[in-house]
Amino acid sequence: MDKKILILLPIWKREKITRLCLENLRELKKDINLDVLCVVSEQWAKVAAVEYGFKYVEAPNDNLGVKMNIGVKESLRYKYDYLMNLGSDDIITKKLFDIYNPYFEKNLKFFGSTRLTFIDSVEKVAKCFDYTVMIGAGRCIRRDLIEEVGQMYDTDIECGFDANSMRKFIKHSMTEIENPYNTIYDIKSDVNIWNYKELPFTKELSFDSAVEGLSTKQIDSILDL
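Residues numbered from 1 in each chain as written. Predicted model: local features only at pLDDT ≥ 70, side-chain atom pairs only at ≥ 80, totals over all residues. Heavy atoms only, no water.

S.K.: Explain the environment of Lys-46 to me, please; I cannot follow it from the model alone.
M.R.: With respect to the secondary-structure elements, Lys-46 resides in helix 2 (residues 43-51). Note on Lys-46: relative accessible area 18%, which makes it buried. The residues contacting Lys-46, other than those within four sequence positions of it, are Val-40, Tyr-56 and Glu-58. (Helix = DSSP H or I, 4+ residues; strand = E, 2+ residues; numbered from the N terminus. Buried < 20%, exposed > 50% of the residue type's maximum accessible area, 1.4 Å probe, protein only. Contact = heavy atoms within 4.5 Å.)

This is the structure we're talking about:
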């Protein structure tokens, strides 16, 4: 894949899960043309970004919209073809990039998966949900759209940030990928806006079947959370 991907990763709390996310991205970087821009508000997160070899920008955590806009603005200092959104509690697999590669090759403006796999790090249970519309985690936005939109997030909201930023691109074509695989994982802890039990699901999964796409090391790390 010749496209350069910059992953925008806001970080707040959940250090053990964040480090699992960063380790995953560092491993993917060995095979995929990607880099990571961490948007940090805590000293440990800045240290972790440097430790894993990624870029970072500091931003206050008082308002997530402001924090994300700082990250988007900072991203334009670097060369990339697509900006990918990801949370610091998310894990993505190489299979996701295999699925995305035809869309990168077609140079599509804005695309992403509709499916997410949730893992409860406390109870070690899992479920998947297909939203049938593009989700925020793993979505890819071509650089020229980022430059055109500028401020991607409103700063007067406290939730619904993915949907809010989606509206910024409403006049552009949006390609939603029906992804049948477990390729984007959201690891829930006791520090989340939505806890695991409140989340929607299409299908309950056994833990073993949910994590089939992950490495033994990743599975062990989740079990140790």
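S.K.: What am I meant to see in the packing of helix 1 (residues 15-29) against helix 8 (residues 216-223) here?
M.R.: When two helices pack together, their arrangement is given by the angle between their axes and by how far apart the axes lie. As a packed pair, helix 1 and helix 8 sit with axes 11 Å apart at the nearest point and diverge in direction by 175°. Between helix 1 and helix 8, the crossing angle belongs to the class labelled roughly antiparallel. Across from Leu-20, Glu-23 and Asn-24 in helix 1, the residues of helix 8 making contact are Lys-217, Gln-218, Ser-221 and Ile-222. (Axes fitted to C-alpha atoms, helices over the stretch in contact; angles between N-to-C directions. Parallel < 35°, antiparallel > 145°, perpendicular 65-115°, else oblique.)

S.K.: Help me understand the packing of helix 1 against helix 2 in this model?
M.R.: Interhelical geometry of helix 1 versus helix 2 gives an angle of 20° and a closest axis separation of 10 Å. As the angle between them shows, helix 1 and helix 2 are arranged roughly parallel. Taken as a pair, helix 1 and helix 2 cross one another with a handedness that is right-handed. On helix 2, the residues touching Glu-15, Thr-18, Arg-19, Leu-22 and Arg-26 of helix 1 are Trp-44, Ala-48 and Glu-51. Looking at the contact of helix 1 with helix 2, its residues break down into 3 nonpolar, 1 polar and 4 charged. (Left-handed = near helix turned anticlockwise from the far one by under 90°. Nonpolar A, V, L, I, M, F, W, Y, C, P; charged D, E, K, R; others polar.)

S.K.: So what exactly am I meant to see when it comes to the sheet that holds strand 10 (residues 175-177) here?
M.R.: Pairing between the strands of a sheet comes from backbone hydrogen bonds, and it takes one of two forms, parallel or antiparallel. In spatial order, the strands read 3-2-1-4-9-6-10; together these 7 strands make up an open sheet with mixed pairing. Both edges of this open sheet fall to strand 3 (55-58) and strand 10, since each of them pairs with a single strand only. Recorded for the sheet is a direction-independent mean angle of 20° between the axes of neighbouring strands. The sheet contact formed by strand 4 (residues 82-85) and strand 9 (residues 140-142) spans 3 bridges and is antiparallel. Considered in strand 9, the bridge of Leu-83 is made with Ile-141. Packed onto the sheet, helix 1 meets strand 1 (5-10) and strand 2 (34-40) and runs at close to 160° relative to strand 2. (Pairing = 2+ DSSP bridges.)

S.K.: Would you mind showing me how to read the nonpolar core here?
M.R.: Side chains that are nonpolar tend, in soluble globular proteins, to be buried together. In this structure, Ile-7, Leu-9, Leu-25, Cys-38, Ile-92 and Tyr-100 are the most contacted members of the largest nonpolar core, which totals 39 residues. Counting residues per element, the ones that place at least two in this core are strand 1, helix 1, strand 2, helix 2, strand 4, helix 4 (94-105) and strand 7 (115-120). In terms of nonpolar packing, the next biggest core, distinct from the first, is built from 20 residues, Leu-37, Ala-59, Val-72 and Phe-110 among them. (Core = buried A, V, L, I, M, F, W, Y, C linked by side-chain atoms within 4.5 Å.)

S.K.: Can you help me understand the packing of aromatic side chains in this one?
M.R.: The description of an aromatic ring pair rests on the distance of the ring centres and on the angle between the ring planes. A full pass over the atoms with the stated rule returns 9 aromatic pairs. Centre to centre, the rings of Phe-104 and Phe-111 are 5.2 Å apart; their planes meet at 75°, and the pair counts as edge-to-face. The same class applies to Phe-104 and to Phe-111, which are both buried. Ring-pair connections join several aromatic residues into one group, and the members of that group are Tyr-82, Tyr-100, Tyr-103, Phe-104 and Phe-111. Across the ring face of Tyr-181, the terminal group of Lys-95 is positioned such that the distance to the ring centre comes to 4.5 Å. A cation sits over an aromatic face here: Arg-143 above Tyr-80, 4.8 Å from the ring centre. (Phe/Tyr/Trp six-rings, centres within 6.5 Å; stacked < 30°, edge-to-face > 60°. Lys NZ or Arg CZ within 6 Å of the ring centre and 35° of its normal.)

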